[in-house]
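# A closer look at the structure
If you want the building blocks of each chain, they are given just below.
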Amino acid sequence: MTSAVGVAGGPGDAARTRDADTAGTGHRRPKRHDIQALRALAIGGVLVNHLLPSSLTGGYLGVDVFFVISGFLITGIIARGISAGGFTLRAFWTRRVRRLMPASFLAIAVTSAAMVAVVPRELWRQFSEEAIASTLYVENWYLAIAGSDYFRADIPASPFRHFWSLSVEEQYYVAIPIVLVLLWAALGRRAGRLAVALPLLLGVAGVASFAWALDGLGEAGVNVFYPTTTRVWEFALGGLVATLPALVDHLPGAGRLPVVPAWIRAIVVWAAWIAIVASMVVMGEGAAHPGWPTLVPTVATAAILGLGVTALRWDSGRVAGLRPLQWVGDVSYSLYLWHWPVIILTAYALPEVGLWPLVALQLALSLVLAAASYVWVERRYLDASRDRLFTAPRTVALLVVGTLVVLALPGFLVARSVQEDARAEAQVVAAIDDEPDAGPADAVDCLGAAAAVNAAACAETPPTVLLPEGSVTNAGERVYTDRLEGQRCFMLWSDPGYATCEVTGGDGSGPRVMVVGDSHMEQLGVAVIALADRYDWNLTLAFRTSCPYTFAVRKGFSDTNKETCGAWQQAAADTIREGGFDLVLTSQFSGAAWMPQDGRSGHQAAVDGLEAAWRAATDTGARVLAIQDQPHAMDGVQECVAGYGLEAATACTLPEEQAMEFDPQLAAAERFSATQVAVVDMTDLYCADGSCAPVVGGVRVYRDAGHVTPLWASTLAPQISERAPLTFLTSGA
């Protein structure tokens, strides 16, 4: 079996083995064709998945293959170097900088410049922030903190998003050598002790990381895709394969262990290759990832790395050694760097080009750029003849200067966007302040929802500016949040318990109103404040993300989430029963999947759950006013509006039959009298002639893929006032 080798694996390391195993060790090892073939398969899966997602739904698993390769190679390099006494942090990191930074800096710089040329201006801030995060190798944490979901694209996909995996790898390259050097010192610099302790350490870290990932997968709303903590187990798995041989050598009776026959090794390796390909074909966006299903391709990769190749004629190594596969493996890092910016930027630059011509262009351009980057950048900076040129001080200088140069353009764009967004915020706040005070809409009002009501009159004076301007789609939110005065009553999934906020509208002489629901109720906060001020409401507010006020149970929740959400719903019901409210104002996300109950379908259970929850209000004499959820937007609505501006009102629509999802509030209301429960239906404000628009009356409707902008919400207040029964709004006054 070919021994463990030292290439810095993964998308961040496609250098030839004989070069890479000198990184901080002084040792060179022979090239393994099977590892290059693994790289080729990994980048091929990623490339096909990104070019044609539906054709290879699990192609993203190529990144997981890369992570295992990196753990195997880098951990092996460092462990062997430390044991041999030839490893230094300075030499290792110098090699990493030469290996990774020139190509990545070039890709980020070129992509940043191209972004300015073809991407709509209002996306520059987010994309530039991601360029900065990518340059600093923290893109994965940027996305995790932003709450971005890899498969649903809650924020527009930037041309730098693929740097999330390179960020994870770079963080590993920084941490693992420090950990191993400290472990070496703690073990008294004894190679035998290191051989035993290191696999144990990797095993513990791997199990902890995998458990962390599983725990996160069980909690709805918890992002486990991007954080480094939920990926450590993949690197640890590769590291275990690299270090287990040394551990076995130090076990009593190691020399008497049986040798695995070549034909068994060959069969297992063939099965592993098949398992990786099958995983890419079978797994899709619904898979629990990274979780139990991810073990199939990662363990298969570990098997290939650990068992290596044999001399058998039918061994997989013969296929792995084919020159095309080796070439793709060689350029895999550069191909990974360039393919995603090419896909994103050409989609913006060539929106009218058909799918197949565009895919062909994207593939060809990616391959050309990858080949050029590999030959003229990667190999150039790793050339052994340049070793004397790249001393440690010069490498640090290269890193610092290169970082500053690359950050210059995105840093400038972010700074300018901050100023522009501040102006946009002030503009929106002024527009909200100028809105009618939640009373009947002025016949000449043409801002937002009023334009749908006054369509004929407003057609004579079409809007000239799209609001909010720039990238601050949440502009105006502080009109609502400032009234909370620091109170916090919007609970995230990670937040335990239950909390309410108290707000007085007007002079406080009106009804007591409980405002309760998920984020689709909370998004109407600006409208609620306007209504409260008009009708002098005394507000109690309680919200929880993805947890509407109902006694039905949503599908896809873990036991923990069901318990947490259920407890919050019961607490809200208790508040309603005991609070002496005159009105309960609620809304919820439409289109959710619901758990069947006692032989009833999910839809029936959803209606029954709402009825039971609303009875908690009506039994006390309170009325319930439900706001029907807004129509759903088209996929990629933010990018579409950014590209078309005001024209998005017709260019970015979604057919009404697709936009309207099941909302149990309508059916639940039919089980009550008209004096007990009313539903405000504002579908006509979003949709006309069978199509639902993301821009109405010069106002952006959607702030993200699933929520409306505060400015749009403010224009709904007069419409709610007109459409709701007056007694619901004023009873108790």
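Residues numbered from 1 in each chain as written. Predicted model: local features only at pLDDT ≥ 70, side-chain atom pairs only at ≥ 80, totals over all residues. Heavy atoms only, no water.

### Focus on the confidence of the model for the protein chain
Scored by pLDDT, the protein chain comes out at a mean of 90, with 92% of its residues at no less than 70. Residue range residues 1–10 is modelled with pLDDT below 50. Its contacts to residues more than four positions away, or to other chains, number 59 contacts. Scored below 50 in pLDDT, residues 14–23 shows 48 contacts in the model against residues more than four places distant or in partner chains. (pLDDT = per-residue confidence, 0-100. Contact = heavy atoms within 4.5 Å.)

### A closer look at the packing of aromatic side chains
In total, this model carries 18 aromatic pairs according to the counting rule given. Geometrically, the ring pair formed by Tyr549 and Phe551 is edge-to-face, given 6.2 Å between the ring centres and 75 degrees between the ring planes. Cluster of aromatic residues (ring-pair linked, three or more members): Phe67, Trp164, Tyr172, Tyr173, Phe225, Tyr226 and Phe235. One residue, Arg96, lies across the ring of Tyr173, its end atom 5.8 Å from the ring centre. The lysine or arginine in question, Arg231, covers the ring of Phe225, its NZ or CZ lying 4.7 Å from the ring centre. (Phe/Tyr/Trp six-rings, centres within 6.5 Å; stacked < 30°, edge-to-face > 60°. Lys NZ or Arg CZ within 6 Å of the ring centre and 35° of its normal.)

### Comments concerning a nonpolar patch on the surface
Taken together, the side chains of Val260, Trp263, Ile264, Ile267, Val268, Trp270, Trp314, Val319 and Leu322 make up a nonpolar region of the molecular surface, amounting to roughly 790 Å² of accessible area. In terms of residue count, helix 10 (residues 262–282) provides more of the nonpolar patch than any other element does, five residues in total. Counting through the fold element by element, Val268 comes out in helix 10. We classify Val268 as partly exposed; its relative accessible area is 35%. (Patch = residues over 30% accessible without salt bridge, like charges linked within 9 Å, V, L, I, M, F, W, Y side chains within 5 Å. Areas by Shrake-Rupley, 256 points an atom, 1.4 Å probe, with all protein chains shown as cover. Salt bridge = Lys/Arg side-chain N within 4 Å of Asp/Glu carboxyl O. Helix = DSSP H or I, 4+ residues; strand = E, 2+ residues; numbered from the N terminus. Buried < 20%, exposed > 50% of the residue type's maximum accessible area, 1.4 Å probe, protein only.)

### Some thoughts on empty space enclosed by the protein
Remark: the empty space left among the atoms is shown by a probe the size of a water molecule rolled over them. Evaluation of the coordinates by the stated rule reveals five cavities of 30 Å³ or more. Of the volumes computed, that of the largest cavity is approximately 90 Å³. Lining the largest cavity are 13 residues, with Ile627, Gln628, Asp629, Gln630 and Tyr686 positioned closest to its centre. Along the lines of polarity and charge, the residues of the lining of the largest cavity split into five nonpolar, six polar and two charged. Of the pockets and cavities examined, the second largest cavity occupies roughly 50 Å³. For the second largest cavity, the full set of lining residues is Glu477, Tyr480, Glu522, Gln523, Gly525, Val526, Arg703, Val708 and Pro710. Partitioning the lining of the second largest cavity into residue classes produces four nonpolar, two polar and three charged. (1 Å grid on protein atoms, 1.4 Å probe; cavity = no way out; pocket = protein on both sides within 12 Å on 5 of 7 lines; lining within 4 Å. Points joined across faces, edges and corners; volume = space filled by probe spheres on them. Nonpolar A, V, L, I, M, F, W, Y, C, P; charged D, E, K, R; others polar.)

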